[in-house]
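Coordinates in review
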Amino acid sequence: KTAIPRILMGIIIAITISKPVELRMFEQEITVELKSKRLAEQKRKIDEVEIKYKKPIETFQEEIARLRADINKYEQIRQEKEDIFNAEMDGEGSNRGPGFGKVAEQKRIAFKKAEKEYDSVKTINLTAIKIQQDKLAFTEVELKKELIDAEIIASSLDGLMARLQIVDELAKGKDEDGNVNEDAIPWIIYFITLLFMAIELTPIFFKMMLIKSPYDYLEDNIKALQRADLGIEVKYNYYK
């Protein structure tokens, strides 16, 4: 009964000491695996962030492209009307020769109308493009921030828990595809722990297995003689 607390304490000490030893023994393997995990975690975070912002960015870019296409379309119409009017004035597009007449007036009105529509669409669309560009720039800034955060989070994957988990995975081993075999038993970790348990508990068990030798009896006699010489009397009271 008196040995039980010492045995429990020895077990706790053995388990506690074995973990740093495991980390030291697998240091190189842990470093390689930890780097691989950080890169995988960084890629996963980056993919999540890019998926999150991909659709909004594409929407803004498509809207900007559509607005510019509208401007180009109305500009092309205006240019065609202007070319028709100029050809009429130069006589190239008329059988009556150069000069300003009724037909030229109609073509000038059509040109001015196209020019007015172009100016209106250009003004409206350029304002809308500026708004979309501001939204796009803000979204890209947020994307860069989250990408930086993702790199920081991945690089911080270097704690004690991560290293202990890697030790456990290394002890279990991996298959050809790189997957950890969850059913495998990490014998090497158990052996290291048992080794330290043996180191801690062996003195306790050794002391428990000792029997009294002649030296122990001689020691008891010397102590009894010393008590008698000093006049010390020990009385044991036994109760029923």
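As shown above, the structure is provided for reference.
Overview of the structure.

Calculation notes
- Residues numbered from 1 in each chain as written.
- Predicted model: local features only at pLDDT ≥ 70, side-chain atom pairs only at ≥ 80, totals over all residues.
- Heavy atoms only, no water.
- Phe/Tyr/Trp six-rings, centres within 6.5 Å; stacked < 30°, edge-to-face > 60°.
- Lys NZ or Arg CZ within 6 Å of the ring centre and 35° of its normal.
- Helix = DSSP H or I, 4+ residues; strand = E, 2+ residues; numbered from the N terminus.
- Contact = heavy atoms within 4.5 Å.
- Axes fitted to C-alpha atoms, helices over the stretch in contact; angles between N-to-C directions.
- Left-handed = near helix turned anticlockwise from the far one by under 90°.
- Nonpolar A, V, L, I, M, F, W, Y, C, P; charged D, E, K, R; others polar.
- Expected span 1.5 Å × (residues − 1).
- Buried < 20%, exposed > 50% of the residue type's maximum accessible area, 1.4 Å probe, protein only.
- Salt bridge = Lys/Arg side-chain N within 4 Å of Asp/Glu carboxyl O.
- Core = buried A, V, L, I, M, F, W, Y, C linked by side-chain atoms within 4.5 Å.

This next bit is on the packing of aromatic side chains. Scanning the model with the defined rule gives 0 aromatic pairs in all. Positioned above the aromatic ring of Tyr118 is the side chain of Arg78, whose terminal nitrogen or guanidinium carbon lies 5.4 Å from the ring centre.

Looking at the element boundaries, Tyr53 is found in helix 2 (residues 27-90). Taking the C-alpha atoms as reference points, Tyr53 and Glu140, separated by 87 residues in sequence, lie 8.1 Å from one another. Filtering out sequence-adjacent residues up to four positions away, Tyr53 remains in contact with Thr139, Glu142, Leu143 and Glu146.

Remark: helix 1 (residues 4-25) packs on helix 5 (residues 187-209), axes separated minimally by 8 Å, with the N-to-C direction vectors making an angle of 145°. The element helix 1 and its partner helix 5 pack so that their crossing is right-handed. Across the contact of helix 1 with helix 5, the residue classes tally to 15 nonpolar, 3 polar and 5 charged.

End to end, helix 4 (residues 160-172) covers 18 Å across 13 residues, agreeing with the expected 18 Å (1.5 Å per residue, within 8%). Turning to helix 4, its buried residues number three or more, namely Ala162, Ile166, Val167, Glu169, Ala171 and Lys172.

Moving on: the pattern of salt bridges. What the rule picks out here adds up to 12 salt bridges. Between Arg24 and Glu27 there is a salt bridge, with its nearest N and O atoms 2.6 Å apart. Its relative accessible area of 59% is what places Arg24 among the exposed residues. Judged by relative accessible area, Glu27 falls into the partly exposed class, the value being 32%.

Of all hydrophobic cores here, the largest spans 14 residues; its most connected members are Val49, Tyr53, Ile57, Ile129, Leu136, Leu143 and Leu147. Broken down by secondary-structure element, the contributors of at least two residues to this core are helix 2 and helix 3 (102-155). At 8 residues, helix 2 tops the list of elements feeding residues into this core. Residues Ile30, Leu34, Ala162 and Val167 belong to the second largest nonpolar core, which totals 9 residues.

Compared with an ideal rise of 1.5 Å per residue, which puts 22 residues at 32 Å, helix 1 spans 31 Å between its outermost C-alpha atoms and is within 8% of the ideal. Where helix 1 is concerned, the buried positions are Ile7, Gly10, Ala14, Ser18, Glu22 and Leu23.

Honestly, that's just the spatial picture; any functional story needs more than this.
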